Amino acid sequence: MRLALREAFAAFRRAPLLSALGIVTIAFSLFAFGLFALVALNIRSALVAVEERVEIRAFVAEGTSVEAVAAAMGDIGSFPEVAQVLYVTPEQALERARRELGEFADVFESAFLPASMDIRLRPGFRDPATVRGVASRLSTYEFVDDVRYGQEWVQKLYDLRTLATVTGMGLGVAFAAVAVIIIGATIRTAVLARSREIWIMRLVGATDWFIRAPFLIEGFMKGVMGGALALGLTWLAHRTISRNFIETVFFDTDVALLGVLVGALMGFLGSMFSVGRHLRQV
Amino acid sequence: MIRLHNVGKEYPRTGVALSHVSFQMKKGEFVFITGPSGAGKSTVLRLIYMDEKPTHGEVRVSGLTSRSASRHEIAMLRRKLGIVFQDFRLLDDRTAEANVAFALEVTGTPRAAIPPKVNRALAQVGLASKATRYPKELSGGEQQRVAIARALVNDPFVVLADEPTGNLDERATRGIFQLLRDINAAGTAVLMATHDLDLVRSTNARTLEMNHGRVVYDSSESVESVLELEE
């Protein structure tokens, strides 16, 4: 193990330019991956903010007693999906309409809007099926005239979220595959540069694992360094965008470390494929 | 110790390299393999250190058979073989002693045991005083001695030498040949491929002559008996 470590470090000393090139290549492929992950993270975070606005409004028939509405609100508030139930009087509804539709404020002169129960759902219960389910239960109350929840809007929001997740995962896997191939190619260059040494190792009876070990360590270290560099570049990009364009969120420490670890894993895998292929040929 | 039985080797592009090659080599023996270029001498050596497997027949070395040898078993076998080439195959960025030590390091020899073994091997080939020289600072003959020291450092039971004097002048050739004779005298078998007939004639060692991928003469037997064995 000590020799494998020494050989791995010696590889950096023997071919500093090639090693630097390998690390920079890994860093750039991971940087591209990181940038996309950052975009996906911010889309997701924006969607969560939008999702919080998912609301069901149950309009209460005119003349319904306060007691009946209060009893129903207690009942609805105990639904596991429901986070909050608010009663909106016709006056409050008018006030809200004037506020939200400022340019048509003059139109709303009297309290002609119906009272309503505004229901917010808990996180994890804002998908179209749950929203639809809660809405249909609300419509069973006799005094409820109508239930509105922006059915199309909720569906579109979810479609967009699914699209962002699927695209993110697909492109993530593609970038990861490209990174593994690039790392494999840089390690292959290192393997070819040391093919004489490998040949002698085999000749004197070194086992395949012994020959592989320094390259695997080298690939792992290049992956860690490339990953750290990519993380730094992604952070710089995040700061630049936040300062000059729009406020963005960055990865948690755990996710950032996981990114570097993914880099290390890709370096390791790239090396493994590359050395394995070379050993099969010699 | 080494046994080739009815061995054939064919390559997809170049065709038949060996055909019906059979011979045995005993412990401590010195054997020449001679013949013109392309006769199959190097192929026989490659089959013995199991760099390649025969297309037909069987190669058996120290109990390991080419039919079933795994990569790991081959690695273990090579630790008991010393292999020397015409072009030395040294690592240019390491000193003579580092080149010799390399063979021990990569086979898991404990660190403390390496320096005495390296010193002994370099002394055996007469290069103790040049241990810290790099290959480029050594003559061809000296580089080949380093390669032989590397081959000897694991105490092999046989040294396989593929044209070890092919790149050397006459004086260096004599020196290397004498070194191989000394190694053999100390009990290690030597199988040496060469086309230097003067060298072969200078001793009474066993000679296998090859031509067109076949053993056409074995000095330990009559030609007829070899051909009979092939049949």
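To keep things clear, this report deals only with the structure shown in the data block. (Residues numbered from 1 in each chain as written. Chains lettered and ligands numbered in written order. Predicted model: local features only at pLDDT ≥ 70, side-chain atom pairs only at ≥ 80, totals over all residues.)

**Regarding the nonpolar core**
To keep things clear, this is the line we draw: By convention the nonpolar core is taken to be a set of buried residues drawn from Ala, Val, Leu, Ile, Met, Phe, Trp, Tyr and Cys and joined through C-beta atoms within 7 Å. Here the C-beta atoms are placed from the backbone, and a residue counts as buried if at least 20 other C-beta atoms lie within 10 Å of its own, exposed if 12 or fewer do, and partly exposed otherwise. Helical segments are the DSSP runs of H or I of at least four residues, strand segments are the runs of E of at least two, and each set is numbered from the N terminus. Distance between backbone-placed C-beta atoms decides contact: two residues are in contact if it is within 7 Å.
If you look at the biggest cluster of nonpolar residues, it comprises 98 residues, and the most contacted ones within it are V100, A149 and L160 of chain B. Ranked by residue count, the leading element in this core is helix α8 (residues 208-244) of chain A, at 9 residues. Ignoring anything within four residues of it in the chain, the contact list for L160 of chain B reads L45, I48, Y49, L81, I83 and L191 of chain B. V54, V60, A72 and A115 of chain A belong to the second-largest nonpolar core, a separate cluster that totals 16 residues.

**A short note on the sheet that holds strand β3 (residues 30-34) of chain B**
Residue and element names in this part refer to chain B. Where we set the bar: The rule for pairing is simple: two strands pair if DSSP sees at least two bridges between them. The axes are straight lines fitted to the C-alpha atoms, using for helices just the contacting stretch, and the angles between their N-to-C directions are given from 0 to 180°.
Here 6 strands make up an open sheet; going across it, the order is β6-β7-β8-β3-β9-β10 and the pairing mixed. Pairing within the sheet leaves two strands with one partner each, and these edge strands are β6 (81-85) and β10 (214-218). Going from strand to strand, the sheet's axes swing by 20 degrees on average, the running direction of each strand aside. As paired strands, β3 and strand β8 (residues 189-193) are joined by 4 bridges and run parallel to one another. Bridge pairing links F32 to M192 in β8. Packing of helix α5 (residues 140-152) onto the sheet brings it into contact with β6 and β7 (158-162), and relative to β6 it is tilted by some 165 degrees. Along the sheet, helix α6 (residues 170-185) makes contact with β3, β7 and β8, crossing β8 at roughly 150 degrees.

**Some details on the pairing of strand β2 (residues 15-25) of chain B**
All names here are of chain B. With 7 bridges connecting them, strand β1 (residues 2-11) and β2 associate as antiparallel partners. For I2, the partnering residue across the bridge sits in β2 and is M25. Once β1 ends, the chain turns through 3 residues before running back antiparallel as β2.

**Remarks on the interface of chain B and chain A**
What counts is decided by this rule: Throughout this entry, Asp, Glu, Lys and Arg are counted as charged residues, while Ala, Val, Leu, Ile, Met, Phe, Trp, Tyr, Cys and Pro are counted as nonpolar. The remaining residues, Gly among them, count as polar.
With 14 residues of chain B at the interface, the matching set in chain A holds 12 residues. Within the residue set of the side of chain B that touches chain A, elements represented by two or more residues are α2 (71-78) and α3 (96-105) of chain B. No other element matches the 5 residues that α2 of chain B contributes to the side of chain B that touches chain A. Along the lines of polarity and charge, the residues of the side of chain B that touches chain A split into 7 nonpolar, 2 polar and 5 charged.

**A look at helix α4 (residues 114-124) of chain B**
All names here are of chain B. Filter applied, for reference: The arc in question is formed by the directions pointing from the helix axis toward the C-beta atoms.
Every buried residue of α4 is listed here: V118, A121 and L122. Projected down its long axis, α4 carries its buried residues within an arc of 95 degrees, all on one side. Check the buried side of α4 and you find it contacts α3 and α5. At the C-terminal side of α4, G126 shows a positive phi close to 75 degrees.

By themselves, these are just geometric observations and shouldn't be taken as functional.
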